[in-house]
Amino acid sequence: MSAIDDETVGLGRGRAGVRELIAAMTLEEKLAQLVGLWQGVDREGGAVAPLQDAMDTVEQSFADFAAHGLGQITRHYGTRPLDPREGRATLATKQRWLKENTRLGIPALVHEECLTGLAAWKAATYPVPPAWGATFDPPLVERMAARIGRTMAGLGIHQGLAPVLDVIRDMRWGRVEECISEDPYHVAVTGAAYVRGLQSAGIIATLKHFVGYSDSRAGRNLAPVHAGPREVRDVLEFPFEVAVRDAGARSVMNSYAEIDGVPVAASTEHLTGTLREEWGFTGTVVADYFAVAFLQTLHRVAEDGGDAAAQAITAGIDVELPTGVTYLQPLKERIADGRLGMDVVDRALERVLRQKAELGLLDPEWSPDPVPVDGASADDVSAGDVDTEEDRALAAAIAERSLVLLRNDGVLPLGGTRAAPGRIAVIGPNAQSLSAMFGCYSFINHVLPHHPDCDTGLGVETVEGALHREFASADIVTAHGTGVDDGATDGIPAAATAAAGADVAVVVVGDRSGLFGRGTSGEGCDADDLELPGAQRALVEAVIATGTPTVVVLLTGRGYALGWLLDSAAAVVQAFFPGEEGAAAIAGVLSGRVNPSGRMPMSLPRGAGAQPYSYLHPPLGAASSVTNIDTEPPVRYGFGLSYTRFAYEDFTVDSPTVDVADAIRCAVTVRNAGDREGAEVVQLYASDPVASVTRPLAQLVAFARVLLGPGESARVRFTVPTRLLAFTDRDGVRIVEPGDIGVSVRRDAGDVIVEHTVRLTGDVHSVTGAEPRISAVDIS
């Protein structure tokens with residue numbers, strides 16, 4: 001290193017120092033800080049990023065690519081099976097090389113996927129986001145994220161590409177499994193908890209995918225978005241606003257989508273106007289993989305790579321990921337010929353370097369060697385215990401609280417009020433599948449399919465294995481029946497025979513998560529109908545037809561059209577890919593060891609013809625006599641059964657009138673009226689019967705998960721800021737209007753238990769960023 005380095009890098013700790021550092025940098029050094037490098041990608045075994053094979057990404061040596069420095073290292077652990085100890089050592093070698101062999105000696109920021117845990121070999125893998133939503137337990141999600149962050153920090157990682165804050169709009173979309181809920185408030189509160197947890201460990205949380213990605217036409221991945229400006233503002237942006245303003249998220253990733261003809265990757269309106277100027281975001285915006293190049297190749301709004309780079313960096317994308325396709329030579333040429341000013345590059349660079357300074361990467365004494373955590377030795381950290389007992393306990397808690405009992409005619413729990421079954425038939429393609437526990441952004445389903453000779457690196461049970469343990473004295477017989485989506489029916493007769501000879505049949509069906517058509521759920525695995533894939537419905541119906549009480553367990557990434565099943569099965573349990581402890585949780589619910597307490601984070605669809613659908617529809621979106629398409633879902637958002645009963649009493653509001661810029665304060669008592677402990681999710685909704693624009697029939701404004709023993713009760717108090725009733729008016733201004741508001745406690749989005757009317761008084765209130773966006777909850 002030259003004499004400039006120690007002095008200049010040391011100055012990088014503050015804003016003035018960063019600017020002095022920028023002034024000392026060459027153009028090549030500046031651009032190098034604005035790109036990532038992705039090495040070790042299997043270019044023959046199948047893509048793990050959209051159109052990866054179409055990108056000109058011939059791999060260079062690390063030294064050649066990073067000769068002028070490097071902004072980010074892309075998925076060092078998450079690209080191939082890599083033992084954590086080995087990965088920590090090789091990462092330290094790369095960082096040491098940057099310190100010692102580049103002129104400025106600036107280390108790279110390291111990012112990884114972490115949606116369901118660090119997406120790395122052997123790392124703890126948690127349930128998918130719809131399962132987080134089903135728990136209605138943001139503090140538990142925050143604990144999970146903190147554990148994920150601690151693991152990442154111990155491995156030398158700085159940034160996680162999570163959470164996904166897209167609001168579910170169409171069940172056909174393959175990436176439903178990455179989303180928390182169809183309700184924006186639910187997404188906001190849960191997503192903000194994840195951000196706080198991850199960043200508490202010093203890891204930068206990256207919000208995905210800003211904005212509109214989930215509202216694509218016909219539920220197709222990477223398709224045009226049909227949302228109008230009011231839907232974008234009031235529904236799709238709200239979770240991102242909360243994560244930025246309330247949780248302090250430090251990074252945002254753009255959506256691949258185009259909204260009304262403008263790709264988000266080139267939208268100054270969204271990436272600068274909304275995000276920075278309105279919300280005050282000061283972190284970095286990173287490109288979704290290859291999104292900048294897509295401005296030329298997919299969207300066709302750029303004439304070449306340089307034009308694409310200029311549009312993206314001007315709009316507000318600071319870092320090109322996963323590697324430098326357009327922000328190196330193509331962008332350099334644009335600057336050299338004067339078509340783009342250096343000020344735009346320096347603006348992005350300052351954000352990048354300030355973030356590195358916050359992480360300590362610009363400190364002269366920074367070392368790439370592992371730092372002891374909680375008294376552990378450096379060797380312990382470098383070994384990377386990435387699936388601890390604490391991880392397992394958290395994974396189990398989330399899985400157990402996420403399981404939703406959709407139907408029960410009394411057959412469950414098995415052996416509860418009747419004799420335990422002597423013979424159980426365990427049937428179906430997902431009964432013996434390890435991968436059925438996980439989503440597409442787990443390492444097991446994202447990367448390991450390209451490495452068939454490598455083991456999972458995790459101790460994972462199948463549902464069948466867990467049932468053997470849970471019902472150790474029972475005679476368990478098995479039958480495959482059919483594949484997830486192969487359409488085979490030749491195994492169905494044998495499955496029916498197995499069921500006919502059993503006291504109860506447990507049929508485990510659902511999805512296989514994968515990427516780009518290699519699964520029935522996941523990125524690029526969209527659906528054109530919402531029946532169970534393949535011949536699985538035929539299998540379930542054949543088993544039910546035997547007359548044996550049939551319990552159907554759904555291991556899925558989306559909600560399917562299951563009206564037929566809810567009318568015929570003895571019991572139905574919905575499990576959104578429940579992670580490494582998911583099988584034990586399912587077995588626990590079936591035996592009664594676990595009292596199910598999950599509630600649906602999405603409405604089950606009536607059918608594909610009723611999509612896109614959200615319970616947040618105005619009157620015109622409801623079923624009516626003017627169309628033969630029934631949109632009413634067979635299971636509504638917020639629904640879920642328990643092995644105990646809950647009663648509600650004494651619902652009160654503090655005042656029948658509330659200032660339009662204040663808060664609604666109300667309370668209700670919930671009582672466990674059954675004979676066993678259980679958790680109830682108290683749901684508070686609001687409705688606006690008359691407004692200047694059409695409003696949803698009801699919207700969730702607060703919730704509380706309450707654990708109660710038999711006969712116990714709790715008083716739940718809510719303070720709901722009127723900001724949650726705001727909407728974008730006809731002039732494009734976010735307002736709260738005076739008038740009557742219905743406030744109701746419900747068992748789900750449509751099942752009203754009790755309701756009051758509160759009148760908002762005063763003049764129309766224009767919303768600012770100062771109002772609270774989250775309801776306060778007190779349980780006593």
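Cut-offs used in this document
- Residues numbered from 1 in each chain as written.
- Predicted model: local features only at pLDDT ≥ 70, side-chain atom pairs only at ≥ 80, totals over all residues.
- Heavy atoms only, no water.
- Helix = DSSP H or I, 4+ residues; strand = E, 2+ residues; numbered from the N terminus.
- Rg over C-alpha atoms; globule rule 2.2 N^0.38 Å.
- Buried < 20%, exposed > 50% of the residue type's maximum accessible area, 1.4 Å probe, protein only.
- Contact = heavy atoms within 4.5 Å.
- Areas by Shrake-Rupley, 256 points an atom, 1.4 Å probe, with all protein chains shown as cover.
- Lys, Arg positive; Asp, Glu negative; His and termini not counted.
- Charge placed at Lys NZ, Arg CZ, Asp CG, Glu CD.
- Pairing = 2+ DSSP bridges.
- Axes fitted to C-alpha atoms, helices over the stretch in contact; angles between N-to-C directions.
- pLDDT = per-residue confidence, 0-100.
- Core = buried A, V, L, I, M, F, W, Y, C linked by side-chain atoms within 4.5 Å.
- Polar contact = N/O pair within 3.5 Å; in protein donor to acceptor, adjacent residues only side chain to side chain.
- Phe/Tyr/Trp six-rings, centres within 6.5 Å; stacked < 30°, edge-to-face > 60°.
- Salt bridge = Lys/Arg side-chain N within 4 Å of Asp/Glu carboxyl O.
- Parallel < 35°, antiparallel > 145°, perpendicular 65-115°, else oblique.
- Left-handed = near helix turned anticlockwise from the far one by under 90°.

Q: Which residues make up the overall build of the chain, and what values do they have?
A: Counting secondary structure elements, the chain contains 23 helices and 27 strands. Against the globule reference of 28 Å for 780 residues, the chain gives a C-alpha radius of gyration of 26 Å, in line with a compact fold. Looking at the chain residue by residue over its 780 residues, the buried ones come to 63%. The long-range share in the chain, meaning contacts at least 24 apart out of those at least 6 apart in sequence, stands at 78%. For the chain, the accessible area works out to roughly 26,400 Å², and carbon and sulfur atoms hold 48% of it. Mean positive and mean negative side-chain charge positions of the chain (66 and 103 charges, respectively) differ by 2 Å.

Q: Explain the sheet that holds strand β27 (residues 776–779) to me, and be specific about the residues and the numbers.
A: Reading across from one edge, β16-β18-β21-β27 is the order of the four strands in this open sheet, with antiparallel pairing throughout. Because the sheet does not close on itself, it has two edges, and the strands there are β16 (646–653) and β27. On average, adjacent strands in this sheet sit at an angle of 20° to one another, irrespective of strand direction. In this sheet, strand β21 (residues 713–721) lies alongside strand β18 (residues 663–672) in antiparallel orientation, the contact comprising nine bridges. Opposite Val670, over in β21, you have Ala714 as the bridge partner.

Q: So, the confidence of the model for the chain: which residues are in play, and what are the values?
A: Averaged over every residue, the pLDDT of the chain is 94; the share at 70 or more is 94%. The low-confidence segment residues 1–12, where pLDDT is below 50, has 30 contacts with residues more than four positions distant or belonging to other chains. Low confidence marks residues 375–379, where pLDDT is under 50. Its contacts with residues over four positions away, or in another chain, come to four contacts.

Q: Can you explain the nonpolar core? Please cite residues and give values.
A: Looking at soluble globular proteins, one finds that nonpolar side chains tend to be buried together. Core analysis: the largest hydrophobic core is formed by 211 residues, its most contacted members being Tyr194, Tyr327 and Leu684. Broken down by element, this core gets its largest block of residues, eight residues, from helix α8 (residues 184–200). The contact partners of Tyr327, leaving out residues within four places of it in the chain, are Leu31, Leu34, Val35, Val292, Ala309, Ala312, Ile313, Ile317, Asp318, Val319 and Glu320. In this structure, Phe443, Ala575, Ala583 and Val589 belong to the second largest nonpolar core, which totals 43 residues.

Q: An account of unusual backbone geometry is needed here, citing residue identities and associated values.
A: For residues other than glycine, phi is negative in most cases, and the peptide bonds are mostly trans. In this chain, Lys208 is followed by His209 through a cis amide linkage whose omega measures -10°. Considering the arrangement of structural elements, one finds His209 in strand β5 (residues 204–210). Cis geometry is adopted by the peptide bond preceding Pro612, which originates at Gln611 and carries an omega value of -5°. For Pro612, the position within the fold is in the loop between α23 (582–591) and β16. Positive phi values are uncommon outside glycine, yet Leu222 reaches one of about 55°.

Q: Describe the side chain of Glu580, with residues and values.
A: Along the chain, Glu580 turns up in the loop between β15 (571–576) and α23. A polar contact is formed between the side chain of Glu580 and the side chain of Arg392, at a distance of 3.2 Å. With residues up to four places along the chain from it excluded, the contact list for Glu580 reads Ala123, Ala124, Thr125, Asp387, Asp391, Arg392, Ala395, Phe438, Leu458, Gly459 and Val460.

Q: I'd like to hear about the environment of Pro656, residue by residue, with values.
A: One can find Pro656 in the loop between β16 and β17 (657–659). Among the residues examined, Pro656 registers a relative accessible area of 54% and is labelled exposed. In this structure the C-alpha to C-alpha distance between Pro656 and His756, which are 100 residues apart in sequence, comes to 8.5 Å.

Q: Go over the packing of aromatic side chains with me, naming the residues and quoting the values.
A: On inspection of all chains with the given rule, the structure shows 13 aromatic pairs. With a centroid separation of 6.2 Å and 55° between ring planes, the pair formed by Phe136 and Tyr637 is classed as tilted. Of the two residues, Phe136 sits in the loop between α6 (129–135) and α7 (138–154) while Tyr637 sits in the loop between α23 and β16, which places them 501 residues apart along the sequence. Taking 4.8 Å as the distance between ring centres and 5° as the angle between the ring planes, the aromatic pair formed by Tyr615 and Tyr637 counts as stacked.

Q: For helix α10 (residues 238–245), give the residues involved together with the corresponding values.
A: Among the eight residues in α10, seven count as buried, and that is most of the element. Buried residues of α10: Phe238, Pro239, Phe240, Glu241, Val242, Ala243 and Val244, and no others. Contact partners of the buried residues in α10: α8, β5, α9 (229–236), α11 (268–278) and β23 (734–736).

Q: Please set out the sheet that holds β5 residue by residue, giving values where relevant.
A: Pairing is parallel in the open sheet, where seven strands are placed in the order β1-β2-β3-β4-β5-β6-β9. In this open sheet, the two strands that pair with only one neighbour each are β1 (36–38) and β9 (284–286). One ladder, built from two bridges, connects strand β3 (residues 109–112) with strand β4 (residues 159–160); its direction is parallel. In the strand pairing of β4, Glu112 is matched with Gly160.

Q: Residue-level account of the pattern of salt bridges, with values.
A: Per the stated rule, a full pass over the model turns up 50 salt bridges. The salt bridge involving Asp215 is made with Arg169; its shortest N-O contact spans 3.9 Å. In this pair, Asp215 is assigned in the loop between β5 and α9 and Arg169 in the loop between β4 and α8, connecting sequence segments 46 residues apart.

Q: Go over the pairing of strand β19 (residues 678–687) with me, naming the residues and quoting the values.
A: Within β19, 10 of the 10 residues are buried, leaving the element largely enclosed by the surrounding structure. Neither face of β19 is exposed, since Gly678, Glu680, Val682, Leu684 and Ala686 on one face and Ala679, Val681, Gln683, Tyr685 and Ser687 on the opposite face are all buried. Relative to strand β20 (residues 699–708), β19 runs antiparallel, the two being bridged by nine bridges. Residue pairing in the sheet places Tyr685 in a bridge with Leu700 of β20. Across five bridges, the pairing between β19 and strand β24 (residues 739–748) is antiparallel. By the bridge assignment, Ala686 is partnered in β24 with Val743.

Q: Could you give an account of helix α13 (residues 305–315), with specific residues and numbers?
A: Judged by how many residues are buried, α13 sits mostly within the fold: nine of 11 residues are covered. Of all the residues in α13, the buried ones are Gly305, Gly306, Asp307, Ala308, Ala309, Ala310, Ala312, Ile313 and Ala315. Structurally, α13 contributes buried residues whose contacts are with α11, α12 (291–297), α14 (329–336) and α15 (342–358). Its side-chain oxygen placed 3.2 Å from the backbone nitrogen of Gly306, Asp304 serves as the N-cap of α13. Directly beyond the C-terminal end of α13, a positive phi value near 135° is found at Gly316.

Q: Can you lay out the packing of α8 against α10 for me, pointing to particular residues and giving the numbers?
A: With their axes 8 Å apart at the nearest point, α8 and α10 run at an angle of 30° to one another. One element, α8, and the other, α10, form an angle in the roughly parallel class. As α8 runs across α10, the sense of the crossing is right-handed. Taking contact as the criterion, the partners of Pro184, Tyr185, Val187, Ala188, Ala192 and Val195 in α8 are, on α10, Phe238, Pro239, Val242 and Ala243.

Q: Explain the environment of Met152 to me, and be specific about the residues and the numbers.
A: Locating Met152 in the fold gives a position in helix α7. Excluding anything up to four places from it in sequence, Met152 contacts Glu112, Cys114, Leu118, Ile157, Gln159, Gly160, Leu198 and Ile203.

Q: A description of the environment of Pro84 should follow, citing residues and the corresponding values.
A: Mapped onto the elements of the fold, Pro84 is located in helix α5 (residues 84–101). Relative accessible area serves as the criterion here: at 5%, Pro84 is assigned to the buried category. Counting along the chain gives 71 residues from Pro84 to Leu155, while the straight-line C-alpha distance between them is 7.4 Å.

Q: Account for the side chain of Thr190, with residues named and values stated.
A: When you line up the elements, Thr190 lands in helix α8. Within polar-contact distance, the side chain of Thr190 engages the backbone oxygen of His186 at 2.9 Å. In this view, Thr190 contacts Trp132, Pro138, Val141 and Ile180; residues no more than four positions away in its chain are not counted.

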